[in-house]
Amino acid sequence: MNETLNAAIENTVAQLRQRLGARAPRIAVLLGSGWHPFAEQVEDRIDIPYAELPAFPALAVGGHSAVLRSGRIGATEVLVLGGRKHAYETGEADGMKGAIRSLAGVGVQLLVQTNAAGSMDEAMPPGSLMLISDHLNVSQRSPLFGEPGDNRFVDMSNAYDPALRQSVKAVAQAQGTALHEGVYVWFMGPQFETPAEIRMFRNFGAQAVGMSTVPETIIARHAGMRVLALSLMTNMAAGMQDEKLSHAHTMATAAAASSRAVALLSAAVQALEI
Ligand code: HPA
C-alpha cells in the first residue's frame, strides 16, 4: 500500500515539476466551502486536473473543484487546491495524504487551509471568520495510522503556526476585517452533531466545529510543512439556533460571506513571509 502511494507521489512530483517549469510556489491554499471565489483571483493560471496527478484524490463532487491551479496572487506564487477528499466519504482520514506529500515534494512550505464551520460561540455569528489556533481531534482517527518510523510521533503543539497567525491577524486589523481566533473540533460526520455533542465540545473549550482540516494539518505537519487555517462560520452549531441544519443552508451562508473571506485570504497570502 505504502509503496503504491510512494510511487504515485514520485510520479506526481515529476509531473508537477514539468508542468510548473521555473515556477516555485512555496504556499499552497486548500479551498473549502465558501472559499472557492479565491481561485478566481489567481493570475497567470496553469490548471491541472487532479485526475492527471496519480497521488491526488478523485473527488465525489468533481467538476471545477478537482483542479490544482498554479499562478500568482499579486507577486506571490501559489498553488490552489480546489477541493479535498473528506474522511466521511470513506471512513479513512488519509484521503489527502498523497496530494499534500506531493506538494511538499515540489517545495511547498506552507499549507493554508480554509473551511466552513459551525459556530459554538454566540459572539461569532454566521458570516464570522475565525483563525484556527488549535484543534480537537475528537474523531481520534489519524491519517498516519500504519505509518512506519519514529517521525510518525508528530509534535502537534503549535501545529497552527504562531508567527504566521500573528501576520494574518495584523492583515485583518489593517483591513478592518473582524477575525476571531479559536479551537476547531473535527467531527467526522457526515451527519451533523447532536445538541448534546455540541454542549460537550463547548465544555471542552472549542469555538467551531467542522468535518475537515484536521487530517490535512496532521499530514502537513508530518511532512514538515507549516500550517494556517481559516474557518468561515456558516451557522450556529446544533441546538444553538432554531433553524434546522442543512448542507444547502451552509452553502448559502458561505456564498453570502465569501467576498470578505476571500479579500482577507488574498491579502494574507501576499503578506506572509515564507
Ligand atoms: N457542523 C459540522 N460541520 C459544519 C457545520 C456544522 O455545524 N457547519 C459547516 N460545516
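Up top is the structure.
Nothing here was measured: the structure is a model prediction, and the numbers come from that model. (Residues numbered from 1 in each chain as written. Predicted model: local features only at pLDDT ≥ 70, side-chain atom pairs only at ≥ 80, totals over all residues. Heavy atoms only, no water.)

Here we take up the nonpolar core. Ranked by size, the top nonpolar core spans 46 residues in total, and within it Phe56, Leu68, Leu79, Leu81, Leu103 and Tyr184 carry the most contacts. Here the element with the most residues in this core is helix α1 (residues 2–20); it accounts for 6 residues. Beyond its immediate stretch of four places on either side in the chain, leucine 103 contacts Ala28, Phe56, Leu79, Leu81, Val108 and Met225. The next biggest cluster of nonpolar side chains, apart from the first, holds 30 residues, and it includes Ile73, Leu110, Val171 and Leu230. (Core = buried A, V, L, I, M, F, W, Y, C linked by side-chain atoms within 4.5 Å. Buried < 20%, exposed > 50% of the residue type's maximum accessible area, 1.4 Å probe, protein only. Helix = DSSP H or I, 4+ residues; strand = E, 2+ residues; numbered from the N terminus. Contact = heavy atoms within 4.5 Å.)

Contacts to the ligand come from Ala116, Ala117, Gly118, Phe192, Glu193, Val209, Gly210, Met211, Thr234, Asn235 and Thr250. Glycine 118 is positioned with one of its backbone polar atoms (N or O) 3.3 Å from a nitrogen atom of the ligand. Measuring from a nitrogen atom of the ligand, one finds a side-chain N or O atom of glutamate 193 at 2.9 Å. Computed on the free molecule, the ligand has an accessible area of 260 Å², of which 94% lies beneath the protein chains in the complex. Secondary structure elements with two or more residues in the shell around the ligand: β5 (110–119), β8 (208–210) and β9 (226–236). With 3 residues, the single largest contributor to the shell around the ligand is β5. (Near = heavy atom within 4 Å. Polar contact = N/O pair within 3.5 Å; in protein donor to acceptor, adjacent residues only side chain to side chain. Areas by Shrake-Rupley, 256 points an atom, 1.4 Å probe, with all protein chains shown as cover.)

All right, on to empty space enclosed by the protein then. Under the criterion given, the structure shown has 1 cavity of 30 Å³ or more. In this structure, the largest cavity spans a volume of roughly 60 Å³. Taken together, 13 residues make up the lining of the largest cavity; nearest its centre are Lys85, His86, Ala87, Pro215 and Glu216. Considering only residue class, the lining of the largest cavity consists of 6 nonpolar, 4 polar and 3 charged. (1 Å grid on protein atoms, 1.4 Å probe; cavity = no way out; pocket = protein on both sides within 12 Å on 5 of 7 lines; lining within 4 Å. Points joined across faces, edges and corners; volume = space filled by probe spheres on them. Nonpolar A, V, L, I, M, F, W, Y, C, P; charged D, E, K, R; others polar.)

Another aspect to go through is the packing of helix α2 (residues 97–105) against helix α5 (residues 214–222). Where α2 contacts α5, the axes come no closer than 9 Å and their chain directions differ by 35°. The handedness of the crossing between α2 and α5 is right-handed. When α2 is examined against α5, the residues Lys97, Ile100 and Arg101 are found in contact with a partner set consisting of Glu216, Ile219, Ala220 and His222. Considered class by class, the residues forming the contact of α2 with α5 number 3 nonpolar, 1 polar and 3 charged. (Axes fitted to C-alpha atoms, helices over the stretch in contact; angles between N-to-C directions. Left-handed = near helix turned anticlockwise from the far one by under 90°.)

Under the counting rule described, the total for this entry stands at 13 salt bridges. In this structure, glutamate 40 engages arginine 45 in a salt bridge whose closest nitrogen and oxygen atoms are separated by 3.8 Å. Residue classification places glutamate 40 among the exposed positions, given a relative accessible area of 55%. When the shortest N-O distance is used, the salt bridge between glutamate 89 and lysine 85 registers 3.5 Å. A relative accessible area of 30% places glutamate 89 in the partly exposed class. Each of the salt bridges in this network shares a partner with another, and the network as a whole consists of Glu43, Asp44 and Arg72. (Salt bridge = Lys/Arg side-chain N within 4 Å of Asp/Glu carboxyl O.)

In the structure shown here, the tally under the stated rule is 2 aromatic pairs. Judged by centre distance (5.0 Å) and plane angle (65°), the rings of tyrosine 50 and phenylalanine 56 are edge-to-face. Phenylalanine 56 shares its class with tyrosine 50; the two are buried. Ring centres of phenylalanine 187 and phenylalanine 201 lie 6.2 Å apart, and the angle between their planes is 65°; on these two criteria the pair is classed as edge-to-face. (Phe/Tyr/Trp six-rings, centres within 6.5 Å; stacked < 30°, edge-to-face > 60°.)

Another aspect to go through is the side chain of glutamate 147. By the secondary structure assignment, glutamate 147 is in the loop between β6 (129–136) and α3 (162–175). Classification of glutamate 147 by relative accessible area gives buried; the value is 8%. Among the polar contacts listed, one links the side chain of glutamate 147 to the side chain of arginine 101, at a separation of 3.1 Å. The residues contacting glutamate 147, other than those within four sequence positions of it, are Lys97, Arg101, Arg152 and His222.

Here we take up unusual backbone geometry. Going from glycine 189 to proline 190, the amide bond is cis rather than trans, its omega being 0°. Although it is not a glycine, aspartate 44 adopts a positive phi angle of roughly 55°. Look at aspartate 44 and you get partly exposed, because its relative accessible area is 44%. For glutamine 140, which is not glycine, the phi dihedral falls at a positive 50°. Mapping glutamine 140 onto the fold places it in the loop between β6 and α3. A relative accessible area of 61% places glutamine 140 in the exposed class.

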